[in-house]
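The lines below spell out each chain.
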Amino acid sequence: MKKYLYILTVIILGIVTACDYNEKNFPGMEDDAEPTNVAKYEYTIQPTDINTIVKALNAKKTHADSVMANTLSADKMFSDAAPAEDLIPYVLTAKYFAVDKNASALVTYQNKEGRYDDLVKLSQPAYTLTTNDYKLVWGENYVNALTPSKSPDVEIPKILAIDFPKPNDGDFKNVEYNYSFEEPVIDQVLFDYLSADFEGIAAGSGVKTEINGWINKDLKGSIFWQTRVFSGNQYSQVSSNNSKTENEVWLISPAVDLAQAVSPKFSFYVTAGYYNAACLSIMVSENFNGTEAGISSASWTDITNKFTLPTGPPSSYGTLASAGEMDFKGYAGKKVYVAFKYVGNGIDNSASTTFQIDNVKISELKTAMSVKNTVKQNAIFQFTAGKWNPAANTIIVLQPADYTTMGVSYLGTSVAANYIPQYLSQKLPYAQEAAVRTVVYKSGSGNTYYADEYAMLSGIWTPNTFVVTKTDQFVFSGYDQSGWVFDPTLYVTMVKGKNPTDDYMMVVNYVIKNYEASNPALINSYRDAEYYYGFSANYGNISLRDIDRMKDLTYAALTTTEEKQAYMKERTEEGLAVYLSLKFPEAQRQVSGFDVYAYVTTAIYDGSSTLNYIFVYQCIESGNSSQASKWKYISHNLK
């Protein structure tokens with residue numbers, strides 16, 4: 001087999017000698033007069049170079065360039081959002097301007113990479129499951145929780161498919177939900193069709209009551225129901241005192257759906273202050289359209305006499321107390337709106353009583369499912385292969401109980417590194433060196449989340465900064481062309497490993513997917529080697545050993561050494577082309593006018609020894625999101 005490879009090398013060398021590779025990679029070079037400064041430079045990007053690029057981008061005055069300039073200015077390094085191949089030429093143009101065509105520069109720089117883009121996608125507000133989501137899971141007889149029989153991994157993807165019907169491949173969702181470790185039981189359950197206690201919203205003197213779906217509108221003046229606080233309790237109040245106008249202020253609920261109601265009750269708490277007139281009325285409408293413009297045209301039924309409203313005191317405030325309970329059975333099966341209508345006169349303050357309301361409810365006891373206890377939980381899901389799936393187990397989201405254990409309500413990004421390493425050490429006590437985990441955590445008092453990646457280095461969980469030092473080559477294409485441009489040549493040395501993204505394992509999995517069904521013998525018992533192309537993830541080589549390749553029925557049918565050698569040559573070249581398509585699926589056929597080539601260093605095992613070879617391939621078809629790139633074998637040599 002060595003002899004075959006030696007002969008092949010001689011043949012390939014003859015081809016390369018006859019047609020210089022540089023002539024293909026840099027078209028037109030042979031037409032130039034003798035160059036005087038085809039120099040080879042080496043340079044490391046400096047902080048001042050970042051400023052040079054930012055100024056150049058801002059000078060172009062396009063939105064895209066401004067966004068890129070802002071990103072680069074903030075990061076002080078290159079990234080997918082500020083790509084080095086596009087931006088370093090600005091530096092080279094300023095630094096090396098008196099050069100001839102095909103001069104080159106090896107440039108070293110810092111780059112943000114790895115899973116940085118995934119972390120940005122994970123740093124998003126959590127989506128909290130709604131009542132409608134739980135109804136989707138259970139039906140009309142539902143509980144506001146998931147359980148072991150309605151597991152998050154099964155049910156949440158169904159919910160996300162409806163709530164987020166047009167995700168992009170790779171999108172993440174952090175979902176917050178209620179969970180019960182016990183299944184529901186049949187019980188008497190209080191169903192709230194409407195509930196407002198005015199907690200959790202902005203409050204204070206002059207602060208307008210704004211609850212999602214409620215309308216707060218003065219049809220005659222400019223006052224409004226205000227959310228106030230007293231003794232730690234929030235409520236809504238209104239008064240015409242010193243308004244200088246007549247007032248007709250409506251506080252109207254969202255639509256109350258009583259389609260499933262049987263015997264609902266309507267109740268609220270109320271008190272008055274500085275009473276001088278019966279300014280408050282309680283109204284209900286079946287035909288209100290839910291808009292401010294529709295208040296006057298709707299039919300409203302006055303139900304004030306169903307409640308007991310205060311008529312004093314005249315010079316102080318009373319105490320919030322129940323106004324009673326109205327049988328709302330007559331509205332069962334309907335959709336209604338309830339309103340608190342305040343009519344006052346602030347011109348002479350003849351009708352300026354202050355009214356306060358709280359604990360507005362339309363509810364009923366029903367025999368239904370219930371769970372005793374629920375806990376808040378978070379889970380991460382990712383949209384892959386056309387559906388929502390639980391995210392990889394390398395992504396961990398902190399749970400509410402974790403913050404309690406840490407003694408905090410959330411982790412700020414500036415202090416997260418003080419807590420997360422210890423958390424990971426306790427959660428993963430047997431983690432091995434170089435293990436990697438992404439941690440998603442609540443980063444503020446609101447619904448804000450952030451994601452960081454940690455790696456086990458020297459036995460310590462350490463934040464990954466995603467800063468990698470890289471060196472790339474750039475070439476000068478000529479003043480009449482594009483000037484300094486990125487050299488798109490790819491250099492890759494294949495390494496062993498059994499993770500799905502490891503080099504040889506990518507091809508093993510490809511053969512498992514495409515050829516194992518027709519010939520299971522092509523895959524070894526450990527599922528880390530295949531005998532169609534000969535790639536072994538465990539040993540990190542391509543095997544040309546006859547005993548391995550005999551498991552390929554086509555190879556086994558060959559009768560001469562020459563046929564077998566030609567067959568393995570063809571399969572090796574094809575296998576490496578497959579590898580490049582998997583490794584660089586969106587590689588382009590040309591970049592900056594240059595054909596794209598790849599130099600692949602791989603190990604070849606012939607049964608007695610292992611030698612490293614460099615294979616040269618050309619990208620012949622650009623890849624995109626729906627189709628991987630395609631590659632053509634050019635040559636190979638011993639390294």
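Residues numbered from 1 in each chain as written. Predicted model: local features only at pLDDT ≥ 70, side-chain atom pairs only at ≥ 80, totals over all residues. Heavy atoms only, no water.

Colleague: Explain the overall build of the protein here, please?
Modeller: A tally of helices and strands in the protein yields 14 helices and 32 strands. Seen along its three principal axes, the alpha-carbon backbone of the protein occupies a region of about 110 × 60 × 50 Å. Burial analysis of the protein (639 residues in total) assigns 46% to the buried set. Counting contacts in the protein only where the partners sit at least 6 residues apart, residues at least 24 apart contribute 70% of the total. Total accessible area computed for the protein in this model is approximately 32,400 Å², and 51% of it derives from carbon and sulfur atoms. Taking the average place of the 53 positive charges on the side chains of the protein and the average place of its 68 negative ones, the gap between the two points comes to 3 Å. (Helix = DSSP H or I, 4+ residues; strand = E, 2+ residues; numbered from the N terminus. Buried < 20%, exposed > 50% of the residue type's maximum accessible area, 1.4 Å probe, protein only. Contact = heavy atoms within 4.5 Å. Areas by Shrake-Rupley, 256 points an atom, 1.4 Å probe, with all protein chains shown as cover. Lys, Arg positive; Asp, Glu negative; His and termini not counted. Charge placed at Lys NZ, Arg CZ, Asp CG, Glu CD.)

Colleague: I keep staring at a negative patch on the surface and nothing clicks. Help me out?
Modeller: A cluster of like negative charges, contributed by Asp80, Glu85, Asp86 and Asp117, occupies part of the molecular surface. Structurally, the position occupied by Asp80 is in the loop between helix H4 (63-75) and helix H5 (84-95). Asp80 sits in the exposed class, given a relative accessible area of 57%. (Patch = residues over 30% accessible without salt bridge, like charges linked within 9 Å, V, L, I, M, F, W, Y side chains within 5 Å. Salt bridge = Lys/Arg side-chain N within 4 Å of Asp/Glu carboxyl O.)

Colleague: What should I look at first to understand the sheet that holds strand E18 (residues 387-390) in this one?
Modeller: Hydrogen bonds along the backbone pair up the strands of a sheet, which may run parallel or antiparallel. The mixed open sheet is built from 4 strands, whose spatial order is E3-E4-E17-E18. One side of each edge strand has no neighbouring strand; the edge strands of this open sheet are strand E3 (127-128) and E18. (Pairing = 2+ DSSP bridges.)

Colleague: Looking at this model, I keep getting lost on the nonpolar core. Mind explaining?
Modeller: Soluble globular proteins tend to bury their nonpolar side chains together. Within the largest apolar cluster, 61 residues are counted, with the highest numbers of intra-cluster contacts made by Phe266, Phe268, Phe328, Phe340 and Val360. A per-element tally of this core places strand E16 (residues 354-370) first, with 6 residues. What Phe266 contacts, discounting residues up to four positions off in sequence, is Ile282, Ile303, Phe307, Gly324, Glu325, Met326, Phe328, Val338, Phe340, Val360, Lys361 and Ile362. Grouped together as the second largest cluster of nonpolar side chains are 38 residues, Tyr504, Val511, Tyr532 and Tyr633 included. (Core = buried A, V, L, I, M, F, W, Y, C linked by side-chain atoms within 4.5 Å.)

Colleague: Just to check I follow, could you spell out the pattern of salt bridges for this structure?
Modeller: If charged atoms from side chains of opposite charge come close, those side chains can pair. Tallied over the full model, the rule gives 14 salt bridges. Measuring nitrogen to oxygen at the nearest pair gives 4.0 Å for the salt bridge that ties Arg571 to Glu574. Of the two residues, Arg571 and Glu574 both sit in helix H14 (residues 561-583), 3 residues apart, roughly one turn of that helix. One continuous salt-bridge network, built from bridges that share partners, spans Asp552, Arg571 and Glu574.

Colleague: Whenever I open this one, the sheet that holds strand E23 (residues 467-476) confuses me. Can you help?
Modeller: Spatially, 4 strands are ordered E1-E2-E23-E24 in an open sheet, and the strand pairing comes out mixed. Every other strand in the sheet has two partners, leaving strand E1 (40-44) and strand E24 (484-486) as the edge strands with one partner each. Strand after strand, the sheet turns through a mean of 35° between neighbouring axes, direction not considered. Of the strand pairs in this sheet, strand E2 (residues 104-112) and E23 are connected by 9 bridges, and their pairing is antiparallel. (Axes fitted to C-alpha atoms, helices over the stretch in contact; angles between N-to-C directions.)

Colleague: What is the right way to read the packing of aromatic side chains from this model?
Modeller: The relative placement of two aromatic rings is captured by the distance of their centres and the angle of their planes. As enumerated under the stated definition, the model contains 35 aromatic pairs in all. Ring centres 6.2 Å apart and planes at 55° place the aromatic pair Tyr441 and Tyr450 in the tilted group. You can call Tyr450 partly exposed: its relative accessible area is 37%. The ring of Phe164 is capped by Lys173, whose NZ or CZ atom sits 4.0 Å from the centre of that ring. (Phe/Tyr/Trp six-rings, centres within 6.5 Å; stacked < 30°, edge-to-face > 60°. Lys NZ or Arg CZ within 6 Å of the ring centre and 35° of its normal.)

Colleague: Please clarify how the pairing of strand E12 (residues 280-285) should be interpreted in this entry.
Modeller: Looking down a regular strand, the side chains alternate between one sheet face and the other. With 6 of 6 residues buried, E12 is to be regarded as a mostly interior element. Neither face of E12 is exposed, since Leu280, Ile282 and Val284 on one face and Ser281, Met283 and Ser285 on the opposite face are all buried. Relative to strand E15 (residues 335-345), E12 runs antiparallel, the two sharing 6 bridges. Across the sheet, residue Ser281 finds its bridge partner in E15, namely Lys341.

Colleague: Help me out: how do you make sense of the pairing of E15 in this one?
Modeller: In terms of burial, E15 is a largely internal element, 9 of the 11 residues being buried. Note that strand E9 (residues 246-252) and E15 share 7 bridges and pair antiparallel. Its bridge partner being in E15, Glu246 is matched across the sheet by Asn345. The pairing of strand E10 (residues 256-257) with E15 spans 2 bridges and is antiparallel.

Colleague: Honestly, the confidence of the model for the protein in this entry has me stumped. Any pointers?
Modeller: Here the protein averages 90 in pLDDT, and 93% of its residues register 70 or above. Across residues 1-36 the pLDDT falls below 50, and counting only partners more than four positions away or on other chains, this stretch makes 48 contacts in the model. (pLDDT = per-residue confidence, 0-100.)

Colleague: What should I look at first to understand the side chain of Thr353 in this one?
Modeller: As for its position among the elements, Thr353 is in the loop between E15 and E16. One polar contact links the side chain of Thr353 to the main-chain amide nitrogen of Asn276, over a distance of 2.8 Å. Of note is the side chain of Thr353, whose polar atom sits 2.9 Å from the backbone oxygen of Ala277. (Polar contact = N/O pair within 3.5 Å; in protein donor to acceptor, adjacent residues only side chain to side chain.)

Colleague: Please clarify how unusual backbone geometry should be interpreted in this entry.
Modeller: Outside of glycine, negative phi angles account for most residues, and trans bonds account for most peptide bonds. In the segment running from Gly312 into Pro313, the intervening peptide bond is cis, with an omega of 0°. Residue placement: Pro313 occurs in the loop between strand E13 (301-302) and strand E14 (321-327). One non-glycine residue, Arg527, lies in the positive phi region at around 60°. When you line up the elements, Arg527 lands in the loop between helix H11 (503-514) and strand E26 (535-536). Assessed through its relative accessible area of 37%, Arg527 is described here as partly exposed.

Colleague: Would you take a moment to explain the packing of helix H3 (residues 47-60) against H4 for this structure?
Modeller: In helix packing, the relevant descriptors are the interaxial angle and the interaxial distance, both defined with respect to the helix axes. Where H3 meets H4, the axes come as close as 8 Å, and the angle between the chain directions of the two elements is 160°. The angle between the axes of H3 and H4 places the two elements in the roughly antiparallel class. In this structure, H3 crosses over H4, and the sense of that crossing is left-handed. For the pair formed by H3 and H4, the contact residues are Ile50, Ile53, Val54, Leu57, Asn58 and Lys60 on the first element and Asp65, Ser66, Met68, Ala69, Leu72 and Ser73 on the second. In terms of residue class, the contact of H3 with H4 is built from 7 nonpolar, 3 polar and 2 charged. (Parallel < 35°, antiparallel > 145°, perpendicular 65-115°, else oblique. Left-handed = near helix turned anticlockwise from the far one by under 90°. Nonpolar A, V, L, I, M, F, W, Y, C, P; charged D, E, K, R; others polar.)

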